[in-house]
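# Coordinates in review
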Amino acid sequence: MKLTFESNLHFQLDAIKSITDLFEGQPLEDSIMNIDLKEKQTSLIQGVSNNLILSEDQILENLQGIQSKNEIKVSDKLDGMHFSVEMETGTGKTYVYLRTVYELNKLYNFKKFVIVVPSVAIREGVLKNLEITHEHFQTLYDTVPLNFQVYDSSKVSSLRGFATTNNIEVLVINIDSFAKDENIINKPNDKLNGQKPVEFILAVNPIVIVDEPQNMETEKRIAAIENLKALCTLRYSATHRNQYNLTYSLNPVKAYDLGLVKQIEVDSIIEENAYNDAFVAVESITATKTKVTAKVSINSNDAGGVKKKTVTVKVGDDLYKLSNEREIYSDGYIIEEIDAVNQCLSISNGNILYKGDSQGGLTDEVMKFQIRKTVEEHLKKEKRLNKLGIKVLSLFFIDKVANYRQYDSSGNPMKGKFAEWFEEIYEDYISKPAFKELDKFTIDETHNGYFSLDNKGKLKDTSGETKADDDTYSLIMKDKEKLLNLDNSLRFIFSHSALREGWDNPNVFQICTLNETKSDIKKRQEIGRGLRLAVDQTGKRTYDQNINRLTVIANESYDDFAKTLQKEIEDDCGVEFKGRIKNKRERTAIKYR
C-alpha cells in the first residue's frame, strides 16, 4: 500500500508561499555561484553554492507583506535571517518544508539545503518522508534531479558530493552530530585530504531547515546552527519557543476547527468508586535539625468532588483531617512514626510504607480497566470502519518493557502482565456475537511490541536517544504503510513511552498510556501521535469527522485531562482551546446538513 499525497491543500500551499515570497525579486540566474574548494594546499575542486542577491531591507519588506496577508503581527525590523512557520502536529509540516525545497529551486534556483533535526526519531521520520514523497514531487516538478542523504560520520566523504553537484542536494543531520568541537564533522579528516568535513557544508551557503527548533534552543545548539553559515534558517514547529520573523500560523484551534486533524475525545476510567479505597503514597521523607516530615499523596474532599493532593505530614497528623474529613481515613490513619534513616513511615492501622510505596491506589486494576476500555472502543470502531476500508490501530505506551515481555532464566521470552491481561480481555470481547465477524487472526498476531534490543536480542528499556533505538525507529517507519493494510493482522501496538516521537501513524484511533509511575509526558505529545487524519486502503485521506475521532483512554478525570491539555496549548501557542475536547460519555454523532 502507498500513501497518496494531495498537492492542492490550500493551507499547505499558503505555508509554502509564506517562505518562497520572502525572496521575491531574487534573480533566478544569480542564485547559484560556482566556488573553489581547497583540498590540501594545491588541489582545487569546483563547488556549487547558493547565492543571495537581495538586501535585508528587501527581505524585510517582503516579510511585512507576507505577515500582513496572513494576518500576523507585522515586524518592524528583521530578527536575523530566521523565519518561523507554525503548523499544528498532524497537518503535514514535513511535507510542507520538503515541497518548499522544490519551490525555492523552481522559483530561484537555490540548490543546497540542510535539514537539522533534534533526535533520531525525527531524523527517521524525515528520511521516511523523503522516500515516500519522492515520486509525488518528481511528478509535480518535472523530474528535477534531487539527491538526499543522512549524514553518517563513518562516510564523511559523501559531503564532497553534497558540495560539488549541480543538483538539488538535501542533507539530513542530527544536531548532536555537529554541536560539539569533538564531533568528527568538526575535525580535520584524512578521507578529505585534511579538510574538516563541515567545511563542505559551510562553503555552499545552505538554506537550513530546522525541524522542531524549540528542542535546539540551548546556547551550544544555537551557536552550532549559526556556524553553518546559512543563507537563512527556516524553522518549523507546532510549539515554537521563539517565533523569529513568523511568516505563517496554523495553530491548534485553527487546525481543529477546520477539520485538518482528528477530533479528540477522552474516555476517563476514574469514577467515583475508584476513590473508595484509602489511598496513601509516600513521595519523600525529609529530616532537618529540628523535625522530620514526609510528603504524602492522598485523596481529599474538594468542592468539585474527590481530588488527589500532596500534603506535608509530621508525627501525630491525622489524614482524616488533612483529607477534609474523608470518611475512609477516619479509622487508623494517624501518622505514628517517620523514619528518616530507613525512609519509611508507620500509620496507626499497622501499615509501614517506604518512600515510593503506595496503598489503595488500585494501580493494576486501573491499568487492566484501561486495556479493557481500549479493546472495547477499538472493536466498536473496527466493526464500523473496516467496511469503509479503514484499518483501526490502538497504541499503548508503557514505561517498562518487562510489563509486556519478560525472559526466563534460560533467556526464553515470556508474556509480561500487560500482554497476559490484553489476551484475556481480547478473548473475552472477540468471542461475543457482536464482534465475531472481526475474529480473523490468532490472538498472537493481533498485538506486538516495538521496543529496542540489547546485544543479546532481548527487549530493553531505553531513553529513546540511544544507538539501540535507531533500528527501532527505522522499523516503526518501515512498517508504517504495512500496518495500514487490512490484511495485516497487527492492530494493537505496545511501545515504550520513550519512543513516542517515532509514532505518527494516521490510523491510530486509540491511545492508552499505561505508566505505573505518574507520567510526565505532555498531553500534547501524547495525543500528537494520533492526530493525523485517517487513510483508506487506497492511501487516500478521509475528512469525515464521524470517522476522525481520537479516543484517549485516561486514568484521570475528563476535567483534569481537558484542563491540562487546554493549559498546555495556551502556554505553547497563546490560544484558547476551551470546549473542543469531547467527553466520550457524552458522545453524539455529527450530522451533516
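Predicted model only: the values in this text are computed from it and were never measured.

Cut-off values and rules
- Residues numbered from 1 in each chain as written.
- Predicted model: local features only at pLDDT ≥ 70, side-chain atom pairs only at ≥ 80, totals over all residues.
- Heavy atoms only, no water.
- 1 Å grid on protein atoms, 1.4 Å probe; cavity = no way out; pocket = protein on both sides within 12 Å on 5 of 7 lines; lining within 4 Å.
- Points joined across faces, edges and corners; volume = space filled by probe spheres on them.
- Helix = DSSP H or I, 4+ residues; strand = E, 2+ residues; numbered from the N terminus.
- Nonpolar A, V, L, I, M, F, W, Y, C, P; charged D, E, K, R; others polar.
- Axes fitted to C-alpha atoms, helices over the stretch in contact; angles between N-to-C directions.
- Parallel < 35°, antiparallel > 145°, perpendicular 65-115°, else oblique.
- Left-handed = near helix turned anticlockwise from the far one by under 90°.
- Contact = heavy atoms within 4.5 Å.
- Pairing = 2+ DSSP bridges.
- Domains from an automatic or database assignment.
- Buried area = accessible area lost by both parts, 1.4 Å probe.
- Salt bridge = Lys/Arg side-chain N within 4 Å of Asp/Glu carboxyl O.
- Buried < 20%, exposed > 50% of the residue type's maximum accessible area, 1.4 Å probe, protein only.
- Polar contact = N/O pair within 3.5 Å; in protein donor to acceptor, adjacent residues only side chain to side chain.
- pLDDT = per-residue confidence, 0-100.
- Phe/Tyr/Trp six-rings, centres within 6.5 Å; stacked < 30°, edge-to-face > 60°.
- Expected span 1.5 Å × (residues − 1).
- Arc of directions from axis to C-beta.

### Structural notes on empty space enclosed by the protein
- A complete count under the given rule lists four cavities of 30 Å³ or more for this structure.
- Size it by volume and the largest cavity reaches roughly 50 Å³.
- Taken together, Leu98, Val101, Tyr102, Leu130, Thr133, His134, Phe137 and Leu146 make up the lining of the largest cavity.
- Mapped by element, the contributors of at least two residues to the lining of the largest cavity are α3 (93-108) and α4 (120-140).
- The element best represented in the lining of the largest cavity is α4, accounting for four residues.
- Residues of the lining of the largest cavity, tallied by class, amount to six nonpolar, two polar and no charged.

### Things to note about the packing of α3 against α4
- Packing of α3 against α4 leaves a shortest axis separation of 10 Å and a crossing angle of 50°. Taken together, the axis directions place α3 and α4 in an arrangement best described as oblique. Handedness of the crossing formed by α3 with α4: right-handed. Here Thr94, Tyr95, Tyr97, Leu98, Arg99 and Tyr102 of α3 come into contact with α4, specifically with Val126, Asn129, Leu130, Thr133, His134, His136, Phe137, Gln138 and Leu140.
- Residues of the contact of α3 with α4, tallied by class, amount to eight nonpolar, six polar and one charged.

### What about the sheet that holds strand β10 (residues 263-268)?
- Ordered by their spatial adjacency, seven strands build an open sheet running β21-β24-β18-β25-β26-β10-β27, and the pairing between neighbours is parallel. The strands lining the two open edges of the sheet, one partner per strand, are β21 (447-450) and β27 (582-583).
- The strands touched by helix α15 (residues 558-573) within the sheet are β10, β26 (549-554) and β27, with β10 carrying the most contacts at an inclination of about 145°.

### Points about the domain arrangement of the protein
- Annotation of the protein at the domain level lists domain 1 (17-250), domain 2 (263-269 + 363-586) and domain 3 (280-359).
- Once you take the C-alpha centre of each, domain 1 and domain 2 turn out to be 34 Å apart.
- Every contact between the two is made by 19 residues of domain 1 and, on the other side, 17 residues of domain 2.
- Summing the contributions of domain 1 and of domain 2, the shared interface buries around 1,400 Å²; its carbon and sulfur component is 52%.
- Taken together, domain 1 and domain 2 are joined by two salt bridges.

### Thoughts on the pattern of salt bridges
- This structure, assessed with the given rule, holds 27 salt bridges.
- Between aspartate 364 and lysine 417 there is a salt bridge, with the nearest N and O atoms lying 3.0 Å from each other. Note that aspartate 364 is positioned in helix α10 (residues 363-385) and lysine 417 in helix α11 (residues 417-430), a separation of 53 residues in sequence.
- The class for lysine 417 is partly exposed, based on a relative accessible area of 22%.
- Between aspartate 571 and lysine 567 there is a salt bridge whose closest N-O contact spans 2.9 Å. Taken as a pair, aspartate 571 and lysine 567 lie in helix α15 at a separation of four residues, close to a single helical turn.
- Classification of aspartate 571 as exposed rests on a relative accessible area of 53%.
- One continuous salt-bridge network, built from bridges that share partners, spans Glu88, Arg524 and Asp572.

### Description of the environment of serine 119
- Turning to its location among the elements, serine 119 is positioned in the loop between β4 (112-117) and α4.
- On the accessibility criterion, serine 119 (3% relative accessible area) is buried.
- Once the C-alpha coordinates of serine 119 and asparagine 215 are considered, the two residues, 96 residues apart in sequence, prove to be 9.0 Å apart.
- Within the local environment of serine 119, its side chain forms a polar contact with the backbone nitrogen of isoleucine 122, the two atoms lying 3.3 Å apart.

### As for the confidence of the model for the protein
- Per-residue pLDDT for the protein averages 88, and the proportion of residues at 70 or more is 91%.
- Between the elements of the protein, mean pLDDT differs from a low of 70, seen in helix α13 (residues 467-478), to a high of 98, seen in helix α1 (residues 10-20).
- The low-confidence segment residues 588-593 (pLDDT under 50) makes nine contacts with residues lying over four places distant or belonging to another chain.

### Things to note about the sheet that holds strand β8 (residues 232-237)
- Strand order in the open sheet formed by seven strands is β5-β6-β4-β7-β8-β3-β9, and the pairing between neighbours is parallel. Edge positions in the open sheet fall to β5 (146-150) and β9 (246-250), since each of these has one partner strand only. The sheet shows a mean angle of 15° between the axes of neighbouring strands, taken without regard to direction.
- Relative to strand β6 (residues 168-174), β4 runs parallel, the two being bridged by six bridges. By the bridge assignment for β6, valine 116 is matched with isoleucine 173.
- With respect to the sheet, helix α2 (residues 56-69) is in contact with β3 (82-87) and β9, its orientation differing from that of β9 by roughly 20°.
- Sheet strands touched by α4: β4, β5, β6 and β7 (207-211). Its angle to β5, the strand with the most contacts, is close to 155°.

### Focus: the side chain of aspartate 211
- Within the secondary structure, aspartate 211 is located in strand β7.
- Looking at aspartate 211, its side chain comes within polar contact range of the side chain of lysine 93, at 2.8 Å.
- Leaving out residues up to four positions away in the same chain, aspartate 211 has contacts with Lys93, Thr94, Tyr97, Val116, Val117, Pro118, Ile122, Val126, Met216 and Tyr236.

### A look at the packing of aromatic side chains
- One pass over the structure, following the stated rule, counts 19 aromatic pairs.
- Ring centres of tyrosine 256 and phenylalanine 577 lie 5.1 Å apart, and the angle between their planes is 70°; this geometry places the pair in the edge-to-face category. Remark: phenylalanine 577 occurs in the loop between α15 and β27 and tyrosine 256 occurs in helix α8 (residues 252-257); sequence separation between them is 321 residues.
- On the basis of relative accessible area, tyrosine 256 is assigned to the buried category, the value being 4%.
- For phenylalanine 577, a relative accessible area of 2% gives the class buried.

### Re the pairing of β8
- The buried fraction of β8 amounts to six of the six residues, a majority that puts the element mostly inside the structure.
- In β8, alternate side chains face the same way, and those of Cys232, Leu234 and Tyr236 on one face and Thr233, Arg235 and Ser237 on the other are all buried.
- By the bridge criterion, five bridges tie β7 to β8 in an arrangement that is parallel. Paired with valine 208 across the strands is threonine 233, a residue of β8.

### A word on α2
- Over its 14 residues, α2 extends 20 Å from the first C-alpha to the last, a length consistent with the 20 Å expected when each residue adds 1.5 Å.
- Listed as buried for α2 are Ile59, Leu60, Asn62, Leu63, Ile66 and Gln67. Buried residues of α2, seen end-on, are gathered within an arc of 165° and therefore sit on one face of the element. Of the exposed residues in α2, the ones pointing more than 90 degrees away from its buried face are Asp57, Glu61 and Lys69.
- Its buried side turned inward, α2 meets α1, β3 and β9.
- Positive backbone phi, approximately 55°, marks glutamate 71, located one or two places after α2.

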